[in-house]
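# A closer look at the structure
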Amino acid sequence: MKYQLHFSNKRKTIALQIKQGDLVVRAPAYLTKQQVEQFVLSKQAWVTKKLAILEQQKPATFSYQDGDSLFVFGKARRFTVLMGDAQNVCLLEDSLVVTLTASQSSLTNKALLLKTLILDWFRQQVDTYLQEKLFFYQNVTGLCATSIKIRIYKSRWGSCNSKRALTFNTLLAMVPKAVFDYVIVHELCHIKHMNHSAAFWQLVASYMPDYQQQKHWLKINQKQLSLPEL
């Protein structure tokens with residue numbers, strides 16, 4: 001295992017740090033390199049896990065170019081741009097395919113058009129899923145919204161106000177459906193508890209015992225769940 005090693009007369013214990021994707025080891029000066037090596041090897045599982053998490057958290061490199069990758073329903077899909085007689089967006093196997101007309105493909109601001117088309121398609125997917133699952137979870141919980149909106153949020157997946165009006169993020173089309181379900185239940189539970197108290201989380205858990213797993217997925221994939229600004 002490769003790492004940067006720094007000895008210090010002031011240190012009394014060995015410290016491991018992942019810095020910019022590299023492992024940095026800081027050790028007391030009285031230890032030998034062999035002793036440090038043995039310690040690092042004993043922590044290999046921890047290092048591997050941390051590096052994997054950091055890899056998942058890398059900012060998205062999506063740039064609206066054919067062949068790029070972006071999340072759709074929780075899975076990285078190939079972004080494919082085609083030319084055709086009519087504008088269209090569809091999910092075809094493991095690809096999100098956007099078809100542009102000849103005149104559209106030559107636009108100088110084609111990336112902006114592609115972003116608009118993707119967001120419109122995302123919104124349709126979110127709306128369709130909400131029509132099915134929100135009705136289901138309202139019946140299960142007995143908690144009913146007065147209105148539903150879909151919009152772009154930068155730092156939240158949904159919201160619930162004091163009038164029981166729910167709003168959901170258009171980018172929920174990027175997450176797994178189990179995670180989408182968690183967001184629905186989360187916002188419905190806010191109808192009863194307008195906070196994140198222990199009682200709120202207990203209510204969420206009563207309808208979705210594995211909610212922490214879905215919450216964790218959002219946390220570790222957060223940086224991948226966006227469309228770059230133009």
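Rules and cut-offs
- Residues numbered from 1 in each chain as written.
- Predicted model: local features only at pLDDT ≥ 70, side-chain atom pairs only at ≥ 80, totals over all residues.
- Heavy atoms only, no water.
- Helix = DSSP H or I, 4+ residues; strand = E, 2+ residues; numbered from the N terminus.
- Rg over C-alpha atoms; globule rule 2.2 N^0.38 Å.
- Buried < 20%, exposed > 50% of the residue type's maximum accessible area, 1.4 Å probe, protein only.
- Contact = heavy atoms within 4.5 Å.
- Areas by Shrake-Rupley, 256 points an atom, 1.4 Å probe, with all protein chains shown as cover.
- Pairing = 2+ DSSP bridges.
- Axes fitted to C-alpha atoms, helices over the stretch in contact; angles between N-to-C directions.
- Salt bridge = Lys/Arg side-chain N within 4 Å of Asp/Glu carboxyl O.
- Polar contact = N/O pair within 3.5 Å; in protein donor to acceptor, adjacent residues only side chain to side chain.
- Disulfide = S-S within 2.5 Å.
- Phe/Tyr/Trp six-rings, centres within 6.5 Å; stacked < 30°, edge-to-face > 60°.
- Core = buried A, V, L, I, M, F, W, Y, C linked by side-chain atoms within 4.5 Å.

## Here's the deal with the overall build of the protein chain
Tallying secondary structure elements over the protein chain gives 7 helices and 10 strands in all. Taken over C-alpha atoms, the radius of gyration comes to 23 Å for the protein chain, far larger than the 17 Å a tight globule of 230 residues would show. Here the protein chain, with 230 residues, has 40% of them falling under the buried criterion. Within the protein chain, counting contacts between residues at least 6 apart in sequence, those at least 24 apart form 45% of the total. Carbon and sulfur atoms make up 51% of the accessible area of the protein chain, which amounts to about 13600 Å² in all.

## Focus: the sheet that holds strand S5 (residues 75-83)
Taken together, 4 strands build an open sheet; the order of strands is S4-S5-S7-S6 and the sheet is mixed. Here the strands that pair on one side only, and so sit at the sheet edges, are strand S4 (69-72) and strand S6 (88-92). Direction aside, neighbouring strands of the sheet carry axes that sit 35 degrees apart on average. Two elements, S6 and strand S7 (residues 95-100), share 5 bridges in a ladder whose sense is antiparallel. Looking at S7, one finds that leucine 91 is bridged to leucine 96. Most of the contacts of helix H4 (residues 110-141) go to S7, to which it runs at about 125 degrees, and overall it touches S4, S5, S6 and S7.

## Some thoughts on the pattern of salt bridges
If the charged atoms of two oppositely charged side chains come close together, the side chains can form a pair. This structure, assessed with the given rule, holds 5 salt bridges. A salt bridge links lysine 75 to aspartate 94; the nearest nitrogen and oxygen atoms lie 3.0 Å apart. Taken together, the residues span a long stretch of sequence, with lysine 75 in strand S5 and aspartate 94 in the loop between S6 and S7 at a distance of 19 residues. With a shortest N-O distance of 3.8 Å, glutamate 229 and lysine 115 are connected by a salt bridge.

## A look at the side chain of serine 159
Here serine 159 lies in strand S9 (residues 158-160). A residue is classified by how much of its surface remains accessible, and serine 159, at 13% relative accessible area, is buried. Polar contacts involving the side chain of serine 159 include one to the side chain of tyrosine 153, which spans 2.8 Å.

## A look at the state of the cysteines
By definition, a disulfide links the sulfur atoms of two cysteine residues through a covalent bond. Following the criterion strictly, the structure yields 0 disulfides and no others. A disulfide-free cysteine, cysteine 160 has its sulfur positioned 9.9 Å from the sulfur of cysteine 189, the nearest such atom. Taking relative accessible area as the criterion, cysteine 160 reaches 13% and is therefore assigned buried.

## Focus on the packing of aromatic side chains
Summed over all chains, the structure comprises 10 aromatic pairs. Relative to phenylalanine 79, the ring of phenylalanine 62 lies with its centre 5.1 Å away and its plane at 80 degrees, an arrangement referred to as edge-to-face. Of this pair, phenylalanine 62 sits in the loop between helix H2 (44-56) and S4 while phenylalanine 79 is found in strand S5, placing the two residues 17 residues apart along the sequence. Just as phenylalanine 62 is buried, phenylalanine 79 falls in that class too. When the centroid spacing of 4.8 Å and the interplanar angle of 40 degrees are considered together, the rings of tyrosine 129 and phenylalanine 180 count as tilted. Placement of tyrosine 129 in helix H4 and of phenylalanine 180 in helix H5 (residues 177-189) is noted, with a sequence separation of 51 residues between them.

## Section: the nonpolar core
In summary, soluble globular proteins display a tendency toward joint burial of nonpolar side chains. With 53 residues, the main nonpolar core has Phe122, Val175, Ile184, Leu218 and Leu227 as its most contacted residues. With 12 residues, H4 is the single largest residue contributor to this core. Residues in contact with isoleucine 184, not counting those within four places in the same chain, are Tyr129, Leu130, Lys133, Leu134, Tyr137 and Phe168. Within the second largest apolar cluster, 9 residues are counted, among which are Leu31, Val36, Val40 and Val47.

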